[in-house]
Amino acid sequence: MNDMLKNLPSLGQMLKLVVFLILALIVIALLLAIVKALIPLLIVAALVAGGVYLYRRLQAQGSAS
């Protein structure tokens with residue numbers, strides 16, 4: 001039993017781990033919030049790009065006829 005207690009990490013190491021994990025959770029939450037905010041913008045950009053592509057394709061087909 002005494003050997004098991006000696007193998008436990010110190011209180012300072014445990015506090016560093018807890019602080020590191022909390023910071024990692026904050027970073028992940030921030031990244032998810034940024035991605036959530038950018039999804040509508042990405043959808044609009046994809047629609048605009050697809051519209052431009054189709055317009056140019058139709059223009060090319062019309063001039064080839």
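Up top is the structure.
These numbers come from a predicted model, not from an experiment.

Let's hear about the overall build of the chain: which residues, and what values?
From N to C terminus, the chain includes 2 helices and 0 strands. Counting only C-alpha atoms and orienting by the principal axes, one finds that the chain spans roughly 90 × 20 × 15 Å. When burial is assessed residue by residue, the chain has 0% of its 65 residues classed as buried. For the chain, the computed accessible surface area is about 6200 Å², with 77% contributed by carbon and sulfur atoms.

Which residues make up the environment of arginine 56, and what are the values?
Mapped onto the elements, arginine 56 comes out in helix 2 (residues 11–64). The class for arginine 56 is exposed, based on a relative accessible area of 61%. Separated by 52 residues in the primary sequence, arginine 56 and methionine 4 have C-alpha atoms spaced 72 Å apart.

Thresholds, definitions, all that
- Position numbers for residues start from 1 in each chain and track the written sequence from start to end.
- Predicted model: local features are reported for residues with pLDDT of at least 70 only, side-chain atom pairs are reported and counted for 80 or more only, and whole-chain, interface and lining totals are derived from all residues.
- In computing side-chain properties, one takes all heavy atoms of the structure into account and sets aside hydrogens as well as water.
- In this text, helices come from DSSP runs of H or I with a minimum length of four residues, and strands from runs of E with a minimum of two, each type numbered from the N-terminal end.
- Burial classes follow relative accessibility: with a 1.4 Å probe on protein chains only, a residue under 20% of its type's maximum area counts as buried, one over 50% as exposed, and anything between as partly exposed.
- The protein chains shown are the only cover counted for residues, whose accessible areas, like all others here, come from Shrake-Rupley with a 1.4 Å probe.

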